[in-house]
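Secondary and tertiary structure notes
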Amino acid sequence: MKRLAIFLAVSAFLAISLLVGRWLSAENAERGDVLELLRAQARGDVTGMLKELTCRDAACLAVVRKNAQALHFPGDVKIVLLQSGTAHALTGRTKPTRVVWITSKHDLTTVQCVLVRRKGNAIAGTSVSLLRVSAPIPRESSCP
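These lines cover the structure that appears in this document, whether it is placed above or below.

About the cut-offs
- Residues numbered from 1 in each chain as written.
- Predicted model: local features only at pLDDT ≥ 70, side-chain atom pairs only at ≥ 80, totals over all residues.
- Heavy atoms only, no water.
- Salt bridge = Lys/Arg side-chain N within 4 Å of Asp/Glu carboxyl O.
- Helix = DSSP H or I, 4+ residues; strand = E, 2+ residues; numbered from the N terminus.
- Pairing = 2+ DSSP bridges.
- Axes fitted to C-alpha atoms, helices over the stretch in contact; angles between N-to-C directions.
- Contact = heavy atoms within 4.5 Å.
- Patch = residues over 30% accessible without salt bridge, like charges linked within 9 Å, V, L, I, M, F, W, Y side chains within 5 Å.
- Areas by Shrake-Rupley, 256 points an atom, 1.4 Å probe, with all protein chains shown as cover.
- Disulfide = S-S within 2.5 Å.
- Buried < 20%, exposed > 50% of the residue type's maximum accessible area, 1.4 Å probe, protein only.
- Polar contact = N/O pair within 3.5 Å; in protein donor to acceptor, adjacent residues only side chain to side chain.

**What about the pattern of salt bridges?**
Throughout the structure, instances matching the rule amount to four salt bridges. One salt bridge connects R118 with E30, and the closest N-O pair in it is separated by 2.6 Å. Of this pair, R118 sits in strand β3 (residues 106-121) while E30 sits in helix α1 (residues 2-43), and the two are 88 residues apart along the sequence. Ionic pairing is found between D45 and R43, a salt bridge with its closest N-O pair at 3.1 Å.

**Structural notes on the sheet that holds β3**
Taken in spatial order, the four strands line up as β1-β2-β3-β4 in an open sheet, and their pairing is antiparallel. Strands at the two margins of the open sheet, each flanked by one partner only, are β1 (77-84) and β4 (125-133). Across the sheet, the mean angle separating the axes of adjacent strands is 35 degrees when strand polarity is ignored. The pairing of β3 with β4 spans eight bridges and is antiparallel. Note on β4: the bridge partner recorded for L115 is R132. In this fold helix α3 (residues 58-70) packs onto β3 and β4, with an angle of close to 75 degrees to the strand it touches most, β4.

**Overview of a nonpolar patch on the surface**
A surface patch of nonpolar side chains, about 420 Å² in accessible area, is lined by I6, V10, F13 and L14. Mapped onto the elements of the fold, V10 is located in helix α1.

**Quick look at the state of the cysteines**
Applying the stated criterion to the full structure yields two disulfides. A sulfur-sulfur separation of 1.8 Å characterises the disulfide bridge that pairs C55 with C60. Its S-S torsion of about -60 degrees marks the bond between C55 and C60 as left-handed, since a negative value means left-handed. In terms of burial, C55 and C60 fall into one category: buried. Put simply, C113 and C143 are joined by a disulfide, and their sulfur atoms are 2.0 Å apart. Negative torsions about the S-S bond denote left-handed disulfides, and the value of about -100 degrees found for C113 with C143 makes this one left-handed. Residue C113 is located in strand β3, and its partner C143 is located in the segment after β4; the two are separated by 30 residues in the primary sequence.

**Structural notes on the side chain of T103**
Structurally, T103 can be placed in strand β2 (residues 93-103). Given the relative accessible area of 1%, T103 is considered buried. A polar contact is formed between the side chain of T103 and the backbone nitrogen of H106, at a distance of 3.1 Å.

Below is the structure:
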């Protein structure tokens, strides 16, 4: 009886750990996708930005093109702060993520909003999609 209780407790612990790990992996996926978007933007690579974004409407494409031209900075992109509106969501959610970033050769921070959609849950798995990116916003502003 004691062995069965220990086995059940260990099994429950492992199952919960697996679910928490899957749930937290969405945080890393979002950060990684945003970082790839910013790297493409800093290279001035419209095609690379569109690989990370799901938008294809004229307004979104215009912002992407303008950002790629205006925010083309040399150096490695570094995320200074990422404030996710979808962080720790247990189910699907679509909210903006505020990202503050610099490059190693451009000391001024740039602040932008990225609209993020998370689908799924910890049991079925989650997916992260970047829907839109904003033009730069004032450094002290929050995302709408």
